[in-house]
Amino acid sequence: MKKQLKSYGIITLGSVIFALAFDVFFAANQVAMGGITGLAQVINALAPVLSVGVLTFALNIPLFLAGWKFIGWHLLASSLFSMTVSSFAIDAIAALWRFPAMDPMLACLCGGAAMGLGFGLVFSQGATTGGTDIVARLLKLKFPWLPMGKLMLLPDGAVLVLAALVFGRVEAALYGAVAIFVSSRVMDTVLYGLDTSKVAYIISDRWQSIADALLQKQDRGVTILQGQGGWTGAPKQVLLVAFKQKEIVQIKRAVHDIDPNAFLIVCDAHEVLGEGFGDYQKEEL
């Protein structure tokens, strides 16, 4: 129960951040945005009597029904909750505060970053905010190797074209495209960039001492790879070790103390699964 409450708390926070980003940066500056919210923004411009929040909720219903079969009850329920919170927050914030216009480029950059943060928080809990998020999640089933941010660019781009036609200003859509790009980058960073693991390859004649130090003092597993010198043809042992970003200084110091001439290569690791790191999640994004 505590885990579920925490998850829905994060979903609520992400949904409110998304709604705030829309009201402060997009609506106030007439910057078009993608997705169902962007489509609701277009309809609202044509028929102001219908609020963006209500339109967003209504337009999402067919998508929820269409996606039920593929995304399952948990995602559907959490996404419905997120959509309800964000739709209500958009109208509530707009009713309580009237935000002044600002420089459009600043609005799309800050708005895109805030929107990406909100999306990332919601997606990290296995939910969506509805609309093209569900479309992207369904596309993820077909193309699991593509990140969510890039998948969302496809339907969002189509909405931007429509917004440019309705608003009669290409600039609104272009600013929106910048915002969507920033949003996708921030969202992917929230979803995938928080894994700050590293992988090191160590080549040294004192490989055994280095391996023992990493195993005993650094408490890190070491894999010994068989290599061969390209110039000398001599056999070489290459140590492979995965570790957290915060351990990089200790790892480098331990290697240098044993062999100052050791050849050390440190690479970023997008995902590390296994003991001491993450676990495989079947339904992960």
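Residues numbered from 1 in each chain as written. Predicted model: local features only at pLDDT ≥ 70, side-chain atom pairs only at ≥ 80, totals over all residues. Heavy atoms only, no water.

**Q** What is the right way to read the overall build of the chain from this model?
**A** When its secondary structure is counted, the chain shows 9 helices and 4 strands. In the chain, the succession of α and β elements from N to C terminus is α-α-α-α-α-α-α-β-α-β-β-α-β. Expressed as a percentage of the 285 residues in the chain, the buried residues total 43%. Of the contacts formed within the chain by residues at least 6 apart in sequence, a portion of 72% connects residues at least 24 apart. Accessible surface, the chain as shown: approximately 15,500 Å² in total, 64% of it carbon and sulfur. (Helix = DSSP H or I, 4+ residues; strand = E, 2+ residues; numbered from the N terminus. Buried < 20%, exposed > 50% of the residue type's maximum accessible area, 1.4 Å probe, protein only. Contact = heavy atoms within 4.5 Å. Areas by Shrake-Rupley, 256 points an atom, 1.4 Å probe, with all protein chains shown as cover.)

**Q** Mind showing me how you'd approach the packing of aromatic side chains here?
**A** Note on aromatic pairs: each is described by the distance of the centres and the angle between the planes. What the rule picks out here adds up to 3 aromatic pairs. Here the aromatic rings of Tyr8 and Phe81 are separated by 5.0 Å at their centres, their planes lie at 75°, and the arrangement is edge-to-face. One end of the pair, Tyr8, is in helix H1 (residues 2–26); the other, Phe81, is in helix H3 (residues 52–96), and 73 residues separate them in sequence. The class of Phe81 is partly exposed, set by a relative accessible area of 29%. Centroid distance Phe119 to Phe123: 6.1 Å. Interplanar angle 15°. Geometry classified as stacked. Of this pair, Phe119 and Phe123 both sit in helix H4 (residues 104–124), 4 residues apart, roughly one helical turn. Here Phe123 falls in the buried class, since its relative accessible area comes to 2%. Of the aromatic side chains, those joined through ring pairs into one cluster are Phe18, Phe119 and Phe123. (Phe/Tyr/Trp six-rings, centres within 6.5 Å; stacked < 30°, edge-to-face > 60°.)

**Q** Help me out: how do you make sense of the nonpolar core in this one?
**A** Among the nonpolar cores identified, the biggest contains 30 residues, and Phe26 and Met115 are the most heavily contacted of them. The leading source of residues in this core is H1, at 8 residues. Setting aside its immediate chain neighbours within four residues, Met115 contacts Phe18, Ala21, Phe26, Met33 and Ser183. The next biggest cluster of nonpolar side chains, apart from the first, holds 15 residues, and it includes Ala213, Leu239, Phe243 and Ile258. (Core = buried A, V, L, I, M, F, W, Y, C linked by side-chain atoms within 4.5 Å.)

**Q** Explanation requested: the sheet that holds strand E4 (residues 263–269) in the structure shown.
**A** Backbone-to-backbone hydrogen bonds pair the strands of a sheet. The strands run either parallel or antiparallel. Ordered by their spatial adjacency, 4 strands build an open sheet running E2-E3-E1-E4, and the pairing between neighbours is antiparallel. Two strands in the sheet have a free side with no partner beyond their single neighbour: strand E2 (223–228) and E4. Sheet twist, expressed as the average angle between the axes of neighbouring strands with direction ignored, equals 25°. Bridge count for strand E1 (residues 197–203) against E4 is 7 bridges, and the pairing is antiparallel. The residue bridging Lys198 from the neighbouring strand is Asp268, located in E4. With respect to the sheet, helix H8 (residues 207–216) is in contact with E1, E2 and strand E3 (235–244), its orientation differing from that of E3 by roughly 20°. Against the sheet, helix H9 (residues 248–258) makes contact with E1, E3 and E4, and its axis sits at roughly 155° relative to E3, the strand it touches most. (Pairing = 2+ DSSP bridges. Axes fitted to C-alpha atoms, helices over the stretch in contact; angles between N-to-C directions.)

**Q** I keep staring at the layout of surface pockets and nothing clicks. Help me out?
**A** Gaps between atoms show up when a probe of the same size as a water molecule is rolled over them. Approximately 700 Å³ is the volume found for the second largest pocket. Together, 21 residues line the second largest pocket, and Phe22, Ala27, Ala28, Asn44 and Val52 are the ones closest to its centre. The residue inventory of the lining of the second largest pocket, partitioned by class, reads 13 nonpolar, 4 polar and 4 charged. (1 Å grid on protein atoms, 1.4 Å probe; cavity = no way out; pocket = protein on both sides within 12 Å on 5 of 7 lines; lining within 4 Å. Points joined across faces, edges and corners; volume = space filled by probe spheres on them. Nonpolar A, V, L, I, M, F, W, Y, C, P; charged D, E, K, R; others polar.)

**Q** Teacher, can you tell me more about the side chain of Ser183 here?
**A** Tracing the backbone through its elements, the reader meets Ser183 in helix H7 (residues 170–192). Since its relative accessible area comes to 4%, Ser183 is described here as buried. Beyond its immediate chain neighbours, meaning those up to four positions away, Ser183 contacts Gly112, Met115, Gly116 and Phe119.

**Q** Would you mind going over unusual backbone geometry with me for this structure?
**A** Note on backbone geometry: most residues besides glycine have negative phi, and most peptide bonds are trans. Look at Asp219: it is not a glycine, yet its phi comes out positive at around 55°. When you line up the elements, Asp219 lands in the loop between H8 and E2. The exposure class of Asp219 is exposed, given its relative accessible area of 64%.

**Q** Which parts of the structure should I look at to understand a nonpolar patch on the surface?
**A** Taken together, the side chains of Phe57, Ile61, Leu65 and Leu80 define a hydrophobic patch exposed on the protein surface, amounting to about 360 Å² of accessible area. Looking at the element boundaries, Leu80 is found in helix H3. (Patch = residues over 30% accessible without salt bridge, like charges linked within 9 Å, V, L, I, M, F, W, Y side chains within 5 Å. Salt bridge = Lys/Arg side-chain N within 4 Å of Asp/Glu carboxyl O.)

**Q** Is there a simple way to explain the confidence of the model for the chain in this structure?
**A** In low-pLDDT segments, the atomic positions of the prediction should not be examined closely. The predicted model of the chain averages 81 in pLDDT, with 87% of residues at 70 or higher. Per-element mean pLDDT across the chain ranges from 72 in helix H5 (residues 132–142) up to 91 in H8. (pLDDT = per-residue confidence, 0-100.)

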